[in-house]
Amino acid sequence: NIVLGNALVDMYAKCGLLAKAQQVLEELPVRDIVSWSALITGYAHGGQGHEALECFAQMQREGHFPTDVTFICALKACGSIGAIDNGKQIHDQIVNWGLLDKSIMVGNVLVDMYAKCGVLSEARLVLEGLPVRDVVSWNALIAGYAQAEKGGNEVMNCFVKMQREGITPNMITFTSILKACGNIGAIDKGQQIHEHLLNGCMLEHNIVLGTALVDMYAKCGVLSKAQEMLEQLPVRNIISWNSLIAGYAQEGHCHEVLKCFEQMQKEGFVPDEVTFLSMLSACSHSGKFDEAQWYYENMSRVYGIAPKLEHHTCMVVIFGCAGRFEKAMSVMKTMPSTSDPSVWLAFLSSCKKWGNVALGRLAFDEVMHQDMNIPAAYILMADIYAAAGMQKDAETIDALRVEKCCTWKK
């Protein structure tokens, strides 16, 4: 009974028991598109993009043609894991079968897939080619640009075009626009959006938009307004507190950071790894090295949060800037092994500041061991040698950099 078999696959998939769902599917005497779609949907929604795409390929090898639902889930899987090559192949299939003219949902998810993979030019081309666009189409592209480091101006352009088409923005649109305003420091535009939200009564009991406003004002450096917005929120959460703390940390206002840290905990919120990164940054800006060490050590000891690469790197920078090389080395020794050379590069920069040739060479060799294609490492090491009067060694390092640059250009 294929209907009962498919229902079992679907039930296990929706309950998150994906291995069991796949086992049931494989034991079915007959499989059809419904069986496969249920499993692919389960994997896609469960964040297991690779498994979803493997099933999508196996389904077609068995001669089953994807439906709109199957394509949508496969595209979501591509976006979640950045599988742009698979996404392009699926795009070709969709075009060949003329689905973009028939299904706005497929078109929207295709835009979203390219945006999440960072291929924003292609996302825009797909959107512009859709026979019908709606707020979901535009939100997918706007969110992609908002996520990009230099996509703020494109967000604004999309917002204007969207309104010209008569499409009314929603909460998701405004959240992305506020994020973009914060990223590019567009405080005037951010304030206009704030006024619009107030006039439309969209902020009442909307913690997502309220938090986005806190974040926007904090990133633009208007910290008094960010604090005011946070205090006006009907409900605060760890994200809103982190936004304000990060804003104060960025401006080096260590006293305010510490106050927020204490107040947040009084309200029952437990600091997370983002909070501690801001705490370390604030201590660094203020030269409070001992306090930074206290927060770094108590992350795991008191709060049960394992420091990540960013926390380790921040502490290496803090100790290195203070010339406390032994402490910086101690941090690096306690780190789990990593292939990321950023920690050693930060240490190398500190060696340049203090003119420490021996430790500088050690850091340079470590960076080279992990990745020989980092121009900054050659420049820093050559500068260290030159400052120490070791001109021949500086020239040797500089020649290596020039040789590598030629290799990169080729």
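A brief look at the structure comes next. (Residues numbered from 1 in each chain as written. Predicted model: local features only at pLDDT ≥ 70, side-chain atom pairs only at ≥ 80, totals over all residues. Heavy atoms only, no water.)

Looking at the environment of His91
Spelled out, the test is: By definition, any uninterrupted DSSP run of H or I lasting at least four residues is a helix, any uninterrupted run of E lasting at least two residues is a strand, and each is numbered from the N terminus. Contact between two residues is taken to exist if any of their heavy atoms lie within 4.5 Å; hydrogens are not considered. We call two N or O atoms a polar contact when they sit within 3.5 Å, provided that within protein one can donate a hydrogen and the other can accept it, with sequence-adjacent residues counted only if both atoms are side-chain atoms.
Summarising the element assignment, His91 is placed in helix 6 (residues 84-96). Measuring from C-alpha to C-alpha, the distance between His91 and Leu120 comes to 15 Å, with 29 residues separating the pair along the chain. Dropping the residues within four chain positions of it, His91 is found in contact with Leu100, Leu110, Tyr114, Glu122 and Val126. Only 2.8 Å separates the side chain of His91 from the side chain of Tyr114, close enough to count as a polar contact.

Re the packing of helix 9 (residues 135-147) against helix 10 (residues 152-164)
Operational definition: Helix axes are fitted only over the stretch in contact, all axes being lines through C-alpha atoms; the angle between N-to-C directions runs from 0 to 180 degrees. Orientation categories follow fixed angle ranges, with anything under 35 degrees roughly parallel, anything over 145 roughly antiparallel, 65 to 115 roughly perpendicular, and all other angles oblique. By convention, the crossing between two helices is left-handed when the near helix turns anticlockwise from the far helix through less than a right angle, and right-handed when the turn is clockwise. Polar here means any residue other than Ala, Val, Leu, Ile, Met, Phe, Trp, Tyr, Cys and Pro, which are nonpolar, and Asp, Glu, Lys and Arg, which are charged; Gly is therefore polar.
Where helix 9 meets helix 10, the closest approach of the two axes is 8 Å, and the angle between their N-to-C directions is 165 degrees. As far as their axial angle goes, helix 10 and helix 9 are roughly antiparallel. Relative to helix 10, helix 9 is oriented so that their crossing is left-handed. Residues Val135, Trp138, Leu141, Ile142, Tyr145 and Ala146 of helix 9 touch helix 10, and the partners they reach there are Gly152, Glu154, Val155, Cys158, Phe159, Lys161 and Met162. Each residue belonging to the contact of helix 9 with helix 10 can be placed in one class, and the counts come to ten nonpolar, one polar and two charged.

What about the environment of Tyr378?
Counted only if it meets this: Only protein chains enter the accessibility calculation, which uses a 1.4 Å probe; a residue whose area is less than 20% of its type maximum is buried, one above 50% is exposed, and one in between is partly exposed.
Its location among the elements puts Tyr378 in helix 23 (residues 375-387). Exposure remark for Tyr378: the relative accessible area of 2% places this residue in the buried category. Separated by 329 residues in sequence, Tyr378 and Gly49 have C-alpha atoms that sit 39 Å apart. Setting aside chain neighbours within four positions, we find Tyr378 in contact with Phe364, Met368, Met372, Ile397, Leu400, Arg401 and Lys404.

Considerations on helix 6
To be explicit about the condition: Under the convention used throughout, the expected extent of a helix is 1.5 Å for every residue step, that is, one less than its residue count.
Between its terminal C-alpha atoms helix 6 stretches 18 Å, which fits the 18 Å expected from 13 residues at 1.5 Å a residue. For helix 6, every residue scored as buried is listed here: Ile84, Gly87, Ile90, His91, Gln93 and Ile94. Buried residues in helix 6 make contact with helix 4 (49-61), helix 5 (68-81), helix 7 (104-116) and helix 8 (120-129). Two residues or fewer past helix 6, Gly98 is found with a positive phi of approximately 65 degrees.

Overview of the packing of aromatic side chains
As a reminder, the rule being used: Pairs were defined over the aromatic rings of Phe, Tyr and Trp, the Trp ring being its six-membered one, requiring ring centres within 6.5 Å. Orientation was assigned from the angle between planes: stacked under 30 degrees, edge-to-face over 60, tilted for the rest.
Evaluation of the coordinates by the stated rule reveals twelve aromatic pairs. Pairing Trp294 with Tyr295 gives two aromatic rings, centres 5.1 Å apart and planes at 85 degrees, and the pair type is edge-to-face. Taking relative accessible area as the criterion, Trp294 reaches 45% and is therefore assigned partly exposed. Ring-pair connections join several aromatic residues into one group, and the members of that group are Phe261, Phe276, Trp294, Tyr295 and Tyr303.

Examining the state of the cysteines
This is how it is decided: Cysteine sulfur atoms are paired as a disulfide whenever they fall within 2.5 Å.
Summed over all chains, the structure comprises zero disulfides. Take Cys73: it sits in no disulfide, and the sulfur closest to it among the cysteines is that of Cys78, at 11 Å. The closest cysteine sulfur to the non-disulfide-bonded Cys321 is located on Cys314, 9.6 Å from its own sulfur.

Side note on the pattern of salt bridges
Test applied: The working definition used for a salt bridge is a side-chain nitrogen of Lys or Arg within 4 Å of a carboxyl oxygen of Asp or Glu.
Applying the stated criterion to the full structure yields 15 salt bridges. A salt bridge links Arg124 to Glu128; the shortest N-O distance between them is 3.4 Å. Residue Arg124 and its partner Glu128 are located together in helix 8, separated by four residues, close to a single helical turn. When its relative accessible area of 44% is taken as the criterion, Glu128 is described as partly exposed.

Focus on the packing of helix 8 against helix 9
At a minimum axis separation of 10 Å, helix 8 and helix 9 run at an interaxial angle of 165 degrees. When the interaxial angle is binned, helix 8 and helix 9 end up roughly antiparallel. Where helix 8 crosses over helix 9, the two elements pack in a sense that is left-handed. Touching Leu120, Ala123, Arg124 and Leu127 of helix 8 are Ser137, Trp138, Leu141, Gly144 and Tyr145, all from helix 9. A class-by-class count of the residues in the contact of helix 8 with helix 9 yields six nonpolar, two polar and one charged.

A look at unusual backbone geometry
Note on backbone geometry: most residues besides glycine have negative phi, and most peptide bonds are trans. Within the chain, Cys201 stands out as a residue other than glycine whose phi angle is a positive 55 degrees. Of note, Cys201 is situated in the loop between helix 12 (187-199) and helix 13 (207-219).

A closer look at the side chain of His311
Positionally, His311 belongs in helix 19 (residues 309-321). For His311, a relative accessible area of 3% corresponds to the buried category. Apart from the residues within four sequence positions on either side, His311 is in contact with Glu273, Phe276, Leu277, Leu280, Tyr296 and Met299.

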